[in-house]
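# Geometric and topological summary
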Amino acid sequence: MVTRLVGLTGKPNVGKSTLYSALTLNIVKIADYPFTTLTPNRGVGYLRKKCVCKSLNVTDNPVNSKCINGFRFIPVELVDLPGIVPGAHEGRGLGNQFLSEISIADALIHVVDASGSLDAEGRPVDPDPENTIRDIRFLEEEYDHWLAGIIERGLQKVPRTKPSRASVEESLSHVLSGLAISRRHVEEAIEKVNPPDNIYQWSKNTILELAKNIRMIAKPMVIAANKIDKKGAEEGVRKMREAGYDPIPISAEAELVLRKATEAGLVEYLPGDSDFRIVNPNALSKKQLEALEMVRDRVLKPWGSTGVQELLNRVYFNVLNMITVYPVEDANKLTDKKGNVLPDVYLVPRGMSVREFAGLIHTELMENFLYAIDAKSKIRLGEDYVLKDDDVVSIIAVGRRG
Ligand SMILES: Nc1nc2c(ncn2[C@@H]2O[C@H](COP(=O)(O)OP(=O)(O)OP(=O)(O)O)[C@@H](O)[C@H]2O)c(=O)[nH]1
Ligand SMILES: [Mg+2]
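These remarks concern the structure in this document.

What counts, and where the lines are drawn
Residues numbered from 1 in each chain as written. Chains lettered and ligands numbered in written order. Predicted model: local features only at pLDDT ≥ 70, side-chain atom pairs only at ≥ 80, totals over all residues. Heavy atoms only, no water. Core = buried A, V, L, I, M, F, W, Y, C linked by side-chain atoms within 4.5 Å. Buried < 20%, exposed > 50% of the residue type's maximum accessible area, 1.4 Å probe, protein only. Helix = DSSP H or I, 4+ residues; strand = E, 2+ residues; numbered from the N terminus. Domains from an automatic or database assignment. Contact = heavy atoms within 4.5 Å. 1 Å grid on protein atoms, 1.4 Å probe; cavity = no way out; pocket = protein on both sides within 12 Å on 5 of 7 lines; lining within 4 Å. Points joined across faces, edges and corners; volume = space filled by probe spheres on them. Expected span 1.5 Å × (residues − 1). Near = heavy atom within 4 Å. Polar contact = N/O pair within 3.5 Å; in protein donor to acceptor, adjacent residues only side chain to side chain. Areas by Shrake-Rupley, 256 points an atom, 1.4 Å probe, with all protein chains shown as cover. Nonpolar A, V, L, I, M, F, W, Y, C, P; charged D, E, K, R; others polar. Pairing = 2+ DSSP bridges. Salt bridge = Lys/Arg side-chain N within 4 Å of Asp/Glu carboxyl O.

What follows covers the nonpolar core. Membership of the largest hydrophobic core comes to 61 residues, with the highest contact counts inside it found for Leu19, Ile109, Tyr316, Leu342, Phe357, Leu387 and Ile395. Among the elements that make up this core, the one with the highest residue count is helix H11 (residues 308-319) (six residues). Counting residues domain by domain, this core receives three or more from each of domain 1 (5-125 + 221-317) and domain 3 (325-397). Other than its neighbours up to four places away in sequence, leucine 342 contacts Val52, Cys53, Leu56, Val58, Asp60, Pro62, Arg72, Tyr326, Val328, Leu334 and Val392.

Have a look at this one:
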């Protein structure tokens, strides 16, 4: 599995922790997570995707994921980050500590209060849709200024005698490597900004522009327009869209209510559904019923869903550009060694070859790779075959025939 870490970020009080709780509330039990670093603010969320079992007309026995009503729920790792306030790059609030924490993530969910009822520090104010735009920009600016500072220090390490583009890339990749920023990210950003080879000609603005481009490439962001159940949220969402952003409207609190009620056996609901079913109305208190009705009236009916599942799916499938691939040992029965049907689903970056994929399963499978079989069409695939979304493949290697 290629794992990616997604961070929840934003100013105080926008609902990051509520969203984190909702996303990580156990909807299914899976024995072995591929993640090793679960701490109080790190947890597991689930992507929801139509499973291939339906179209292949089989009943599956998932191992690394779960299949519920024909939907695969695939575990992914999330981190809840502390709130960030303006001036963080100069040390305000948790300051630089926050900014370096953000950097462990491969993609960010920027939570904003869609109703615009919080000031820059997260204190309640009268709703103002402009607050949403300010929130988006300030976070980007804080991060860019902070990164620019690191880049500036990195430039001092470039050999003074003959600074070349390659040596600049080398030095910058080195200072940025601890921030989940790769050499490829740096090269791509430099290509885009195209600064002079001689770093002594770089202005503050060149450095800031470079920081901004590195951020956009290495820390892609999705905006979660939270609290859509509140007054003023519709206007806030419209405002963000007018400004050219593509926010996903969500209600973290509504999702949390629904997941808790599901866990308690009170309702039937799958994350991403557009409605829920009350299992036994008599088992609910008046207050519980009211809360559920409110979720339906203020969130599900006007917005179609709580948006929380769509948000996480968007991060992986669109922003990080991952696809799903099902490895099987037996291409006819679609099973693993133990006879489990469609046991695993892997998240892999779009563009991966089937041979690289073999390496994810086992290095030996890559080293001894002969060919693969597309289990849907039974066609042989060569090592350079580029995987497609929802491929089901069996790897044939020396000493291992499917
Ligand atoms: N109406 C409404 N309130 C919400 C929603 N999500 C969160 N809240 C409320 O917003 C407040 C702040 O939520 P938190 O999740 O603690 O916010 P946070 O971003 O983690 O805050 P910090 O950790 O202080 O940065 C709480 O009172 C939540 O109940 C929502 O979808 N709708
Ligand atoms: Mg919090």
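Still more ground to cover, so stick around.
A few words on the environment of alanine 148. Tracing the sequence through the fold places alanine 148 in helix H4 (residues 130-155). With relative accessibility at 7%, the residue alanine 148 sits in the buried group. In sequence terms alanine 148 and threonine 335 are 187 residues apart; their C-alpha atoms lie 51 Å from each other.

Its boundaries defined by the atoms lining it, the second largest pocket holds a volume of some 350 Å³. Forming the boundary of the second largest pocket are 14 residues, of which Arg4, Arg184, His185, Ile217 and Leu320 lie nearest the centre. Elements with a contribution of two residues or more to the lining of the second largest pocket: helix H6 (183-193) and helix H7 (204-218). The element that contributes the greatest number of residues to the lining of the second largest pocket is H6, accounting for three residues.

Before going further, it helps to spend a moment on helix H9 (residues 252-263). Counted at 1.5 Å a residue, the expected span for H9 with its twelve residues is 16 Å, and the 16 Å between its end C-alpha atoms agrees. All buried positions along H9 are accounted for by Ala252, Ala254, Glu255, Leu256, Leu258, Arg259 and Ala261. Along its buried surface, H9 packs onto helix H1 (16-24), strand S6 (221-226), strand S8 (267-268), helix H10 (286-303) and H11.

So, about the site of ligand 1. Lys16, Ser17, Thr18, Asp229 and Glu253 are the nearest of the 15 residues found near ligand 1. Between asparagine 13 and ligand 1, the recorded distance is 3.0 Å, taken from a backbone N or O atom to an oxygen atom. Within the side chain of asparagine 226, one N or O atom sits 3.2 Å away from a nitrogen atom of ligand 1. The protein chains hide 71% of the 660 Å² of surface that ligand 1 would expose on its own. Every element with two or more residues in the shell around ligand 1 is listed here: H1 and H9. Looking at the shell around ligand 1, the element that brings in the most residues is H1, giving three residues. In terms of residue class, the shell around ligand 1 is built from three nonpolar, seven polar and five charged.

Right, let's get into H1. Looking only at H1, the buried set comprises Lys16, Leu19, Tyr20, Ala22, Leu23 and Thr24. Where the residues of H1 are buried, they touch strand S1 (5-9), strand S2 (42-50), strand S4 (71-80), strand S5 (107-113), H9 and H11.

With six of its six residues buried, strand S10 (residues 322-327) lies for the most part within the structure. When S10 meets strand S11 (residues 346-349), the two strands line up antiparallel, connected through four bridges. Each bridged residue has a counterpart across the sheet, and for methionine 322 the counterpart in S11 is proline 349. Direction of pairing for S10 relative to strand S14 (residues 391-397): parallel, over a ladder of three bridges. Paired with valine 325 across the strands is aspartate 391, a residue of S14.

Another aspect to go through is the pattern of salt bridges. Going through the model one piece at a time under the given rule, you end up with 27 salt bridges. Where aspartate 390 meets lysine 49, a salt bridge forms, and the shortest distance between an N and an O atom there is 2.9 Å. One end of the pair, aspartate 390, is in the loop between strand S13 (380-381) and S14; the other, lysine 49, is in strand S2, and 341 residues separate them in sequence. A single burial state applies to aspartate 390 and to lysine 49, both of which are buried. Here aspartate 297 ties to lysine 301 by a salt bridge, and the two come within 3.7 Å at their closest N and O atoms. One end of the pair, aspartate 297, and the other, lysine 301, are both in helix H10, four residues apart, so they sit about a helical turn from each other. You can call lysine 301 exposed: its relative accessible area is 62%. Sharing partners across several salt bridges, the network here consists of Glu169, Glu170, Arg183 and Glu187.

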